[in-house]
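If you want the building blocks of each chain, they are given just below.
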Amino acid sequence: MRKIIAISALFLALVFSGCNSGTPADPNVRIVPKSQSLTVKPGSFKIKNGTPVVYCSNDLQADAGYLAGSFKQLTGLELPVRTQESANAIILKLNEQIETPEGYTLKSDDQRVVIEAKTSDGIFYGIQSLLQLLPSQVKGPVRIPAVEIVDQPRYSWRGLHLDVCRHFFPVEFVEKLIDGMAMHKMNTFHWHLTDDQGWRIEIKKYPKLTEIGAWRPETKVGHMSDYPHKYDGQKYGGFYTQEQIREVVKYAQERHITIVPEIEMPGHAQAAVAAYPELSCFADSTLKPWTLWGVSENVFCAGKEETFRFIEDVLTEVCDLFPGGYVHVGGDECPKSHWQKCPLCQKRIKAERLKNEHELQSYFIQRVEHLLAARGKKLIGWDEILEGGLAENAAVMSWRGEEGGIEAASMGHNVVMTPGNWCYFDNYQSNYDNEPVAIGGLTPMEEVYGYEPTPAKLPDDKKELVMGAQANVWTEYMASEDHVEYMIFPRLSALSEVLWTNPEHKDYSDFTERMNKHYLRLTKAGLNFRVPVPEEMPGIQIFGQEDVEISLSCEASTAQIRYTTDGSEPGPGSPLYSAPIKVNLKNDITLKAATFLRDGTRSKTQTSLLKFRNFVPTDKPSLEPGLKYTVFTGPFRSFTEVGGTEKSTGTTLSVRIPEAARDTMSGWKLEGYLKIEKEGTYQFELTSACGSGMFIGDELVINNDGFSYGNTRTGNVFLKPGLYPVRINYFDTMYGCWLELKYKGPGIELTPVPEDKLFQ
Ligand code: ACM
Ligand code: ZN
């Protein structure tokens, strides 16, 4: 399949060389993901009530209906659907000459719009491009610019994953996301249906899976590191009936999206074994679906035949519900502690001459692969299925970095890339403190955009085994639909271009320019999304003079930035940023700013505390290298609480917690002097799990408080050459110490603060 793409890409390059060098001047022509080739021609085609949609093959009837329905929704126009070709029409036509199954051409002129493709998939993607040629915000007749588009996707697996176990989302919401995928030409929805915290799919033969397994007694409140753990006391759950599943499958099919169901095994099975305790190694009838996040030790017993009968029965019903080729069986994060103690698991290891519990897991997955193959399905699993030996025809989803994908492809297996750094949409989108609490990690839109799914180190003859990539949306910290949408969009727009558009046509600034129009489409689709915020707003900015100018910028170039300097919330009537803001800092000022898109959609509010402080270097001569640290007995809930009973003290040469002083449920103070060589503004970046704060003298310069897994916050400080007293307060509950301080300044690129600048 990928070979065909390569050949026809060459064909395209010859026919339309040079016509896709940039985004056209016509502001209506802003397609996301970017087409491989697009030429704007003179003229336009007027579409009004009664303009027919003509389909030339019965296979395209549903797509013609979808097009007419979309026009009605976006413009209010009624377009009749017909089979007779005519002038002044939108024509959908199959064309055997087009080589790639998902490729299409779209040609519009004064007379008509013609979309041609080899398959109805391609026609559907042509329709998506046509819908994106509509002007934003119109009702009534519209003009479509005359264009010639020749297009096809780079990858065949363009995926989005949704975890409906940690939080449950109803059918209507899943369908809304499927619409959001369709507008981005994404084609694979990975539905994570079972996990420790809930079983979400009705299985007729095992009713307790949803009677018991779909309901947990309560849910952890706040971040996992928020200690002591608090629970909300609310029974929580839900599940999809088989009838609802069939409805969603049909809805997705109409949008040319395949659903890959995931039934987790042998780990992430606490909800299942809570319903059927006999399927675990040590049956516990008091077990409930899990109320915490993380990895439960309550897994399926691999020693019992009963487990495999259960899996076979469940997968039989699952295969019946989902017509796609792949079934995902999880395979990740399966603790082996119960298997090590279970006589039946140990007996199986001996009987099957397996070396250890990893090979037992591999045995488990291989048996399941045979069950699936007998039902005409292929198995896909997380990269742990490589451990102990990969099942013969299994495809691998690489999530712990790219290595699993590289290893599997090198062995001749199909892979889907979902490495955490680029594809985990449960990571934060920025380091600003207005982001909703997330699990940790940082994956901004630009990083997603820069992802290259085919690893360079893969041998050329194995590269075609990379089917594509996928965004994973784990919902521990996303309880609401709005929140899920906020985490997905616009990062999915960036990923869609990674997966659709050949790298030579990709360019981030061109993408962000096209996004100006695309944001309006997201709003029209009723989707919540992260609106780019005003940048250059660290939490605290300390200047060396009273009169200063503040510059702001925003990635959305056609958006407005509005701001206040009295601490109030900026609104559409607040001053419009057009030039650097002049402020006098005799008194500290709270600057707040937000972005407003053309349709009024606004970003989250950015806040920056502006101060003038005349920091005077100390005249104390430098003594010893390193900072003094003190460890205090916790737990603490804020860096401001760190103090009290001292556990130990010592010296650290860098801003980190040395091995000897590492602990959980503790607090630390690092104290000493920072040497500055050149006058200027320094930006400090403090990263910690959990919370931390940095002071110069008694002045707080970075506030990075709260329960987190590695959040970073910044503070700007103007400093003259000399030695300054610094202190960092830090606390941790469960992660065992993650603390780092970086800085950049005059002549200094961002770097960990070097040891030769720290004294005590
Ligand atoms: C995973 O994130 N545990 C696949
Ligand atoms: Zn067992």
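The structure this text deals with has already been given above.
Bear in mind that the values here come from a model prediction, so they are computed numbers and not experimental data. (Residues numbered from 1 in each chain as written. Chains lettered and ligands numbered in written order. Predicted model: local features only at pLDDT ≥ 70, side-chain atom pairs only at ≥ 80, totals over all residues. Heavy atoms only, no water.)

Draft legend 1. Fine view of the overall build of the protein chain. From N to C terminus, the protein chain includes 17 helices and 38 strands. Here the C-alpha radius of gyration of the protein chain, 29 Å, is about what a compact globule of 760 residues would show, namely 27 Å. Looking at the 760 residues of the protein chain, the share that counts as buried comes to 59%. Contacts in the protein chain between residues at least 24 apart in sequence constitute 73% of all its contacts with a sequence separation of at least 6. Accessible surface computed for the protein chain: about 29,200 Å², of which carbon and sulfur atoms make up 50%. For the protein chain, the separation between the mean place of its 80 positive charges and that of its 98 negative charges on side chains is 2 Å. (Helix = DSSP H or I, 4+ residues; strand = E, 2+ residues; numbered from the N terminus. Rg over C-alpha atoms; globule rule 2.2 N^0.38 Å. Buried < 20%, exposed > 50% of the residue type's maximum accessible area, 1.4 Å probe, protein only. Contact = heavy atoms within 4.5 Å. Areas by Shrake-Rupley, 256 points an atom, 1.4 Å probe, with all protein chains shown as cover. Lys, Arg positive; Asp, Glu negative; His and termini not counted. Charge placed at Lys NZ, Arg CZ, Asp CG, Glu CD.)

Draft legend 2. Seen up close, the layout of surface pockets. A volume near 970 Å³ is recorded for the largest pocket. Considering the residues around the largest pocket, the lining is formed by 37 residues, among which Ser430, Asn431, Tyr432, Glu535 and Glu536 are closest to the centre. When contributions to the lining of the largest pocket are tallied by element, the ones reaching two or more residues are α14 (445-449), α17 (508-524), β22 (540-543), β23 (547-550), β27 (606-612), β31 (680-689) and β34 (711-719). Grouping the amino acids of the lining of the largest pocket by side-chain chemistry returns 13 nonpolar, 13 polar and 11 charged. As a volume, the second largest pocket reaches approximately 770 Å³. Lining the second largest pocket are 31 residues, and of these Glu333, Trp399, Tyr424, Asp426 and Ile439 lie nearest its centre. (1 Å grid on protein atoms, 1.4 Å probe; cavity = no way out; pocket = protein on both sides within 12 Å on 5 of 7 lines; lining within 4 Å. Points joined across faces, edges and corners; volume = space filled by probe spheres on them. Nonpolar A, V, L, I, M, F, W, Y, C, P; charged D, E, K, R; others polar.)

Draft legend 3. Looking closely at the coordination of the zinc ion (ligand 2). In the first shell of the zinc ion (ligand 2), the protein supplies Cys281 (SG), Cys301 (SG), Cys342 (SG) and Cys345 (SG), at 2.3 Å from the metal. Here the zinc ion (ligand 2) is ringed by 4 donor atoms whose angles at the metal span 106 to 115°, and the overall shape comes out tetrahedral. Written as a sequence motif, the donor arrangement for the zinc ion (ligand 2) is C-x19-C-x40-C-x2-C. Taken together, the residues Cys281 in the loop between α7 (270-275) and α8 (305-321) and Cys342 in the loop between α9 (337-341) and α10 (343-351) connect sequence positions 61 residues apart. In terms of burial, Cys281 and Cys342 fall into one category: buried. (Donors = N, O, S within 2.8 Å, 3.2 Å for Na, K, Ca; no water. Tetrahedral: all angles 85-135°; square planar, octahedral: opposite > 155°, others 65-115°.)

Draft legend 4. Local environment of the pattern of salt bridges. Applying the stated criterion across every chain yields a total of 38 salt bridges. Between Asp163 and Arg166 there is a salt bridge whose closest N-O contact spans 3.0 Å. Considered together, Asp163 and Arg166 belong to a single accessibility category, that of buried residues. (Salt bridge = Lys/Arg side-chain N within 4 Å of Asp/Glu carboxyl O.)

Draft legend 5. Quick peek at the nonpolar core. Within the largest apolar cluster, 173 residues are counted, with the highest numbers of intra-cluster contacts made by Phe71 and Trp191. Per-element tally for this core: the top contributor is α8, with 8 residues. Residue contacts for Phe71: discarding those within four places in its chain leaves Ile47, Gly76, Leu77, Leu79, Ile90, Leu130, Leu131, Leu134 and Val142. Tyr682, Phe684, Ile728 and Leu758 belong to the second largest nonpolar core, which has 32 residues in total. (Core = buried A, V, L, I, M, F, W, Y, C linked by side-chain atoms within 4.5 Å.)

Draft legend 6. Region of the structure containing the sheet that holds strand β26 (residues 589-596). Read across the open sheet, the 8 strands follow the order β24-β26-β27-β22-β34-β31-β36-β37; overall the sheet is mixed. Each end of this open sheet is capped by a strand with a single partner; those strands are β24 (560-564) and β37 (748-752). The mean angle between the axes of side-by-side strands here comes to 20°, regardless of whether they run parallel or antiparallel. In the sheet, β24 pairs with β26 via 5 bridges, with the strands oriented antiparallel. Across the sheet, residue Tyr563 finds its bridge partner in β26, namely Ala593. (Pairing = 2+ DSSP bridges. Axes fitted to C-alpha atoms, helices over the stretch in contact; angles between N-to-C directions.)

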